[in-house]
Amino acid sequence: MIRIPKIIALCFLFLFVISPLAYTGNTSPSEERLEFLPADIPGLTRGPTVNLVTNHSALIFWRTVDLTNSSVEYGFTDSNLNMSVNRSMLVNDHRVNLTSLQINTLYYYRAVSNGSSSPIYNFRTAPNDSSDIKMIVVGDNRPDQSFAPVQPSEFEDLIDLIILEQPHLVVMTGDYVLEVGTVHATNLDAWARFTDITDLLGHYAPIYGVIGNHDTGAWTGSVKSEYFLDAFEMYNEPSTYSSFDYAGIHIVLLDSEEQGLDQRITGTQYDWLVNDLNSTEQPLKFVFAHRPLYPCRHIGTSLDSNQTERERLQQLFEQHNVTLFAAGHDHLFNRLTVNGVVNIISGGGGAPLYQTPWGGTYYHYLRIDASPRQVNFTTIGLDGVPVDEYQLPYDGPIEIEIRGFANATTQRSGTIPEIYFSEIPVEKYFSWDNDPNTTSATAFPDTAAFHVLDVYAENEDGVTSHEKFVFYSIAGTTTTTTTTTETTNGTFDITLVFMGIGIGAVVVIVVLVFWRKR
Ligand SMILES: [Fe+2]
């Protein structure tokens, strides 16, 4: 029997058993350079995440408890991270820019601090401007009062689903924590519970966000946006509103929570928005804010708090062909297209859901598959199954919708119902209780009875839409207790015209025949 000396046996043990355990992530053993890095960065509290991705650059961010140096190793395969950027400065917040990247290319990367490495993740650079891209929208994940600061399990489940989607980018619609208070350590804990979840997604795709009312601490008397700005890597910090372009889409992130100006987009920010939309030539424009323009639940305390300013925003969006205005704040899903601008409320990220007359009461995220040719909106529920779908360009009949009332306790006595059309009608008519048509909506009849409002709208193709809304009015006030809608769509049928002409011709011939026989 051949006897193997102990020292040789120990060498074999090290080479084939112990040293492979030192490999990090799924790195190939063939890469000797990677072999001896410890698998985790000690004291890693954030990331690494990929941020601010363009078609040629990306920012890798991570945070360590100790002051350490920073390297990012990256490459085209997970077994060959043959490029690196190194920073010798000792820092806690590591921000390493990767530049001169190739367009629409999958890169693998890992963060390295003081010789310790994160696992290997990957991200894709942005494609060119005519490509199809996948964007995910999710928000209002904040915990309920009863179990804060723990994040809702539904939010964790949605993030798991979104990771599987492999999106190009993600936009969040606000309200990430229950509240920002006066105790810094408590605030840090609440936000860490949020970023611990979002970083799982942020390893692979850039996440942007708008600030929500729960994220500011406004109730303490002063708006604190530093926690929000710390949670997201954003363009133009420390501003809480910004814009950027991604694959032919101009993306605008607004702040509906400015100190003393909450529930509004006004003043300096509005001026900035006008200039921003004036300066872009991107074919698609997506605008985000926390509070919606046309709320289903927070009526009067959203961007409708100042109706003149809401109208001004709507007209600005129409003027610049804004494709989408997306918000949260209402914990539900809702879509309302107003004069060609798709308004979506996506606030089903985990916070307690709201019941409203418009439904949409389910946890979800929104997937937007977008190109300059077509935009598909798909709402995905907790079970991963699509619930709602909508597509642009839209060529159906005009959609007629009503907003501006919440429930039996919200009364707008003597006011005019808020009726919205998905495109500007060629003709429109309104009629209360079969009264003669009027060309604009009039106020609720102020008598105690059920009242019916019929609304008709004709589009450019001559197709007429009809919606019937039923209300119960109380004398002195007007309260919506029920709404039912009835849709009938009619059009000018050319075959009926030819049939009419044909029948008329036959009648004329018959009359002529009888007349000649007389
Ligand atoms: Fe909110």
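Counting of residues starts from 1 at the beginning of each chain's written sequence and follows it residue by residue. Predicted model: local features are reported for residues with pLDDT of at least 70 only, side-chain atom pairs are reported and counted for 80 or more only, and whole-chain, interface and lining totals are derived from all residues. With hydrogens and water set aside, each side-chain value is computed from the structure's full complement of heavy atoms.

(A) Molecular detail of the layout of surface pockets. Its volume calculated, the largest pocket comes out at about 480 Å³. A 1.4 Å probe that fits into a set of points on a 1 Å grid over the protein atoms alone but cannot get out defines a cavity; an open set with protein on both sides within 12 Å along at least five of seven lines defines a pocket, and lining residues are those with an atom within 4 Å of a point. Contributing to the lining of the largest pocket are 22 residues, with E311, N339, I419, Y420 and K428 lying nearest its centre. Strands are runs of DSSP state E lasting at least 2 residues, helices are runs of H or I lasting at least 4, and numbering of each runs from the N terminus. At the level of secondary structure, the elements contributing two or more residues to the lining of the largest pocket comprise α6 (307-319), β20 (418-421) and β21 (427-432). Considered class by class, the residues forming the lining of the largest pocket number 11 nonpolar, 6 polar and 5 charged. Here the lining of the largest pocket spans two domains, and each of domain 2 (133-392) and domain 3 (419-494) adds at least three residues to it. Grid points are joined across faces, edges and corners, and a volume is the space filled by probe spheres set on the points. Within this model, the second largest pocket holds a volume of roughly 400 Å³. Lining the second largest pocket are 22 residues, and of these T323, G340, V341, L392 and P393 sit closest to its centre. At the level of secondary structure, the elements contributing two or more residues to the lining of the second largest pocket comprise α6 and β18 (386-392). Residues are sorted three ways: Asp, Glu, Lys and Arg are charged, Ala, Val, Leu, Ile, Met, Phe, Trp, Tyr, Cys and Pro are nonpolar, and all the rest, Gly among them, are polar. Class assignment of the residues belonging to the lining of the second largest pocket gives a composition of 11 nonpolar, 8 polar and 3 charged. Domain limits in this description derive from either an automatic procedure or a database domain assignment.

(B) Looking closely at the coordination of the iron ion. The donor set comprises N, O and S atoms within 2.8 Å of the metal, extended to 3.2 Å for Na, K and Ca; water molecules are omitted, so apparent gaps in a site may simply reflect that omission. Distances from the iron ion to its protein donors, namely D175 (OD), N213 (OD1), H290 (NE2) and H329 (ND1), fall within the range 2.1 to 2.2 Å. Between the donor residues of the iron ion, the gaps in sequence give the motif D-x37-N-x76-H-x38-H. Placement of N213 in the loop between β9 (207-209) and α4 (226-231) and of H329 in the loop between β13 (324-327) and β14 (333-338) is noted, with a sequence separation of 116 residues between them. Of the residues examined, N213 reaches a relative accessible area of 23% and is grouped as partly exposed. Between buried and exposed lies partly exposed: a residue is buried under 20% and exposed over 50% of the maximum accessible area for its type, with that area taken using a 1.4 Å probe on protein chains only.

(C) Main features of helix α3 (residues 184-202). We define the bend at any residue as the angle between the axes fitted to the seven residues before and including it, ending there, and the seven starting there. The largest bend in α3 is about 25°, located at D196. Within α3, burial applies to N187, A190, W191, F194, T195, I197, T198, D199, L201 and G202. Contact criterion: two residues are considered in contact whenever any of their non-hydrogen atoms come within 4.5 Å of each other. Residues of α3 that are buried sit in contact with β1 (44-51), β4 (106-113), α2 (153-165), β8 (169-172), β9 and α4.

(D) Main features of the sheet that holds strand β11 (residues 249-253). Taking strand neighbours across the sheet as the criterion, the 6 strands line up as β10-β11-β12-β13-β15-β14 in an open arrangement whose pairing is mixed. Single-partner strands in this sheet number two, and they are β10 (242-246) and β14. Direction aside, the axes of adjacent strands within the sheet are offset by 15° on average. Paired strands are those between which DSSP finds at least two bridges. With 3 bridges connecting them, strand β12 (residues 284-288) and β13 associate as parallel partners. Paired with F288 across the two strands is A326, which belongs to β13. Seen against the sheet, α6 touches β12, β13, β14 and β15 (341-346) and runs at an angle of roughly 125° to β15. For helices, the axis comes from a line fit to the C-alpha atoms of the stretch in contact; other axes are also lines fit to C-alpha atoms, and the angle between any two N-to-C directions lies between 0 and 180 degrees.

(E) Inspection of the packing of α2 against α3 at higher detail. Taken N-terminus to C-terminus, the directions of α2 and α3 make an angle of 15°; their axes are 9 Å apart at the nearest point. Looking at the two axes, α2 sits roughly parallel to α3. Taken as a pair, α2 and α3 cross one another with a handedness that is right-handed. Counted together, F155, E156, I159, I162 and I163 of α2 and F194, I197, T198, L200 and L201 of α3 form the full contact between these two elements. Taken together, the residues of the contact of α2 with α3 break down into 8 nonpolar, 1 polar and 1 charged. The scheme is simple: roughly parallel for angles under 35 degrees, roughly antiparallel for over 145, roughly perpendicular for 65 to 115, oblique for anything else. Here a crossing is called left-handed whenever its near helix is offset anticlockwise from the far helix by less than a right angle, and right-handed whenever the offset is clockwise.

(F) Examining the pairing of β1 more closely. Summarising burial for β1: 6 of the 8 residues are buried, a large majority. One ladder, built from 5 bridges, connects β1 with strand β2 (residues 58-75); its direction is antiparallel. Residue pairing for β2: R46 is matched across the bridge by R63. The antiparallel hairpin formed by β1 and β2 contains 6 residues in its connecting segment, where L52 sits at a positive phi of about 50°.

(G) Representation of the packing of aromatic side chains within the structure. Between 30 and 60 degrees the pair is tilted, below 30 it is stacked and above 60 it is edge-to-face, where a pair is any two Phe, Tyr or Trp rings, Trp via its six-membered ring, whose centres lie within 6.5 Å. On inspection of all chains with the given rule, the structure shows 24 aromatic pairs. Seen from their ring centres, W191 and F194 are 6.0 Å apart, and the 85° between their planes marks the pair as edge-to-face. You can see W191 and its partner F194 sitting in helix α3, 3 residues apart, about one turn around the helix. Summarising the aromatic geometry, the rings of Y208 and Y235 are spaced 6.1 Å apart at their centres and angled 10° between planes, so their arrangement reads as stacked. Residue Y208 is found in strand β9, and its partner Y235 is found in the loop between α4 and β10; the two are separated by 27 residues along the sequence. Geometrically, a charge over a ring is one whose NZ (Lys) or CZ (Arg) sits within 6 Å of the ring centre while staying within 35 degrees of the ring normal. Directly above the ring of Y270 sits R312, whose terminal nitrogen or CZ lies 3.6 Å from the centroid.

(H) Up close: the pattern of salt bridges. By convention in these notes, a salt bridge is any Lys or Arg side-chain nitrogen within 4 Å of a carboxyl oxygen on Asp or Glu. Overall, the coordinates contain 17 salt bridges when judged by the stated rule. The residue D189 makes a salt bridge to R193 at a minimum N-O spacing of 3.1 Å. Here R193 and D189 lie together in helix α3, a separation of 4 residues that amounts to about one turn. Given the relative accessible area of 32%, D189 is considered partly exposed. Across the pair R403 and E401 runs a salt bridge, and its minimum N-O distance is 3.2 Å. By relative accessible area, which is 26% here, E401 ends up partly exposed. Among the charged side chains, a salt-bridge network with shared partners connects K134, E165, R367 and D369.

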